[in-house]
Amino acid sequence: MAVSVKPDPQTEEFPTPYLGRSVRIVGPVANIEPKNLPHPMNQRGALGKALFNWMHSTISPDPLARVAFERHAADKANVIRTVLMRAPRGKPAEERVKVDDPAVMTKHLKRVAKHLGADVIRIAASHPSFMYGSNPNDGLTTMGGDRPAGTPEELVRRFPYVIVATKAWDYDLIKAHRHHIGDAAYDFTLERSNLLHSALAGYIQELGYSTLRGAMNPQAAALAAGVGELGRNGMIISEKFGPRIHLTDVVMTDLPLVPDKPVDLGVEDFCKICRKCAITCPTNSITFEGKQIYNGVEKYKIKWETCYRLRPFTVQYWGQCLTCVTVCPYTKPNTWWRDLAIGTLRHTPIPLRPLVVRGLKALDDKFWGTIPNKRVRWLDYDTGIKPGEKACTVAGCTAQHGESHAQPAADSQVGYYFPLKENTNRFVKRG
Amino acid sequence: MADADPYWDFYVNHAPSNPDNQINNAIRAWNEGSVFPVKKDVHSPDVMSRHVKELVRFFGGDAAAIARLPEGHEYPFAIVCAQRSDYDTRTALGHGGQAAVQQALFVTFNLAATIREMGYRATAKLQDNADRVAAAVGLPPLKPFTHVELVHTDLPLAADAEVAV
């Protein structure tokens, strides 16, 4: 049920932003307080001892995971995020490069981002409702902690544009969700995105303009910038990569730019019918129902508490679930047939889209399976080995691993992912 | 294309007025982490070399080779990580000119850290002979320019060539 936004001087200066068809602002939006976000809550023990100890006292058994994620590192100096967080921030050059035409600078900046490795680069106009209520300063936000004083409105006037850039996770590795392989794809892509943002912020400062990071909700900025639409799974679903992108701290700036607009990729129509993520979510954190209004925003709302609370019980096997990303029909290789499917949906009149969605979903179920469980082998990881068992399937291995590794090598194409709903066969093939 | 972009030359060639505006400096200056106390099983030096090269590609490297260093060197192996660059990184000092350096530093930081977490010594700090080691190991140059960074390690590997530098 829509609720009109109360007219006041602030909304006249900052009219209610349009975020596309998947999310609507229907009432007053209170700025999100960082202390109420999952990681900061866990940091101070508000989510219970198991999760607190998972965050502070767990060292991953996997060497790559110890490098990928500082919370489970043996030595944080081996994690590049630590470098990026502690690196000196630099400052704007004294002499500004003149910008006669913001459109030319926007084109240049997008080209720069791609040259630095971005897969997605879009610009939004800043809005006070996107801002966090205060400085995160939680030790987790890559570049948080240096937010200047000022209300959200004042900061938006000072930094009127926001740059949203990111990298896509590797499609083949992400198929091994709920495994160290999927974790590696997720975590290192995040760090490459963090590096990209650090480089972009440094370059903008070198142009003589100011930047601010860690001050804005990246999902809101991504919707306004047209990176994608918000799916039922609570993820931004992008045009080229679906939900397999990671949104890290966006860069707010006073560099004159031209904002992009929200996009219509048919996600709104697809998510109404598909529900694949809700069916497969191991913790039932994704709704089968319609959208809710939360903090003045109409959207699909996931139950983050149940999603988050799972982690301490899986740390030996994986760190990031990603089931909802992997099963999403938009998560496909970036190919012509993917473009064709999305293009067809986009160009179909909205009333007729349910018909197209049902056809595309049927194709997805037929070719990719209703619950993907494909075997993935990478380095010496192999999802064909059942969780808890040990076997060496590395071609050319001459090592004596000991009796615990003496199981015969798996030879099917089925991947086994750590069981959660142990009363079902959903994730582990038995017998 | 560069001609139509009035800012491209600045991006490629303008050396930062403040070194802290280029993240590469912070990565190079970082004190590397410690070696994990438990060594990971090595399937065989051949397999480990294959995996190391795959890791280089995963982290974003364009090519890799393994050099065996002369007897008496602090580390028996140098992993040569090569990055294709649009510009000569020795002379193009702007963010764009140094983009390949940034990517190569991401590769070598993470590769060295991963090897240390496997329980073996590794460092990305010894770069004095990088171009000579790359040439000696026979790594073909990447066009138009190649930027090379090394990771020295005692991880058991199968070398592509022995080098005398």
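Before reading on, note that the structure itself is shown above.
Computed from a prediction, not measured in an experiment: that's the story for all the values here.

1. Description of the sheet that holds strand 2 (residues 120–125) of chain A
All names here are of chain A.
- Across the sheet, which stays open at both edges, the four strands sit in the order 2-3-7-4 with antiparallel pairing between neighbours. For this open sheet the edge positions go to strand 2 and strand 4 (211–213), each flanked by a neighbour on one side alone. Neighbour to neighbour, the strand axes of the sheet diverge by 25° on average, direction disregarded.
- Relative to strand 7 (residues 251–253), strand 4 runs antiparallel, the two sharing three bridges. What sits directly across from T211, in strand 7, is T253.
- Here helix 10 (residues 218–225) sits on the sheet and contacts strand 2 and strand 3 (161–166); the angle it forms with strand 2, its principal contact strand, is near 90°.

2. Comments concerning the packing of helix 15 (residues 336–347) of chain A against helix 16 (residues 353–368) of chain A
Residues and elements named next belong to chain A.
- Axis separation between helix 15 and helix 16 bottoms out at 9 Å; the angle between their running directions is 160°. On the basis of the axis angle, helix 15 is roughly antiparallel to helix 16. Considering the relative orientation of helix 15 and helix 16, their crossing is left-handed. On the side of helix 15, the interface is formed by A341, T344 and L345, while helix 16 contributes R353, V356 and L360.
- Looking at the contact of helix 15 with helix 16 residue by residue, the class counts come to four nonpolar, one polar and one charged.

3. Some thoughts on the environment of L355(A)
- Among the structural elements, L355(A) can be located in helix 16.
- Residues L355(A) and H39(A), 316 residues apart in the sequence, show an inter-C-alpha distance of 41 Å.

About the thresholds
- Residues numbered from 1 in each chain as written.
- Chains lettered and ligands numbered in written order.
- Predicted model: local features only at pLDDT ≥ 70, side-chain atom pairs only at ≥ 80, totals over all residues.
- Pairing = 2+ DSSP bridges.
- Helix = DSSP H or I, 4+ residues; strand = E, 2+ residues; numbered from the N terminus.
- Axes fitted to C-alpha atoms, helices over the stretch in contact; angles between N-to-C directions.
- Contact = placed C-beta atoms within 7 Å.
- Parallel < 35°, antiparallel > 145°, perpendicular 65-115°, else oblique.
- Left-handed = near helix turned anticlockwise from the far one by under 90°.
- Nonpolar A, V, L, I, M, F, W, Y, C, P; charged D, E, K, R; others polar.

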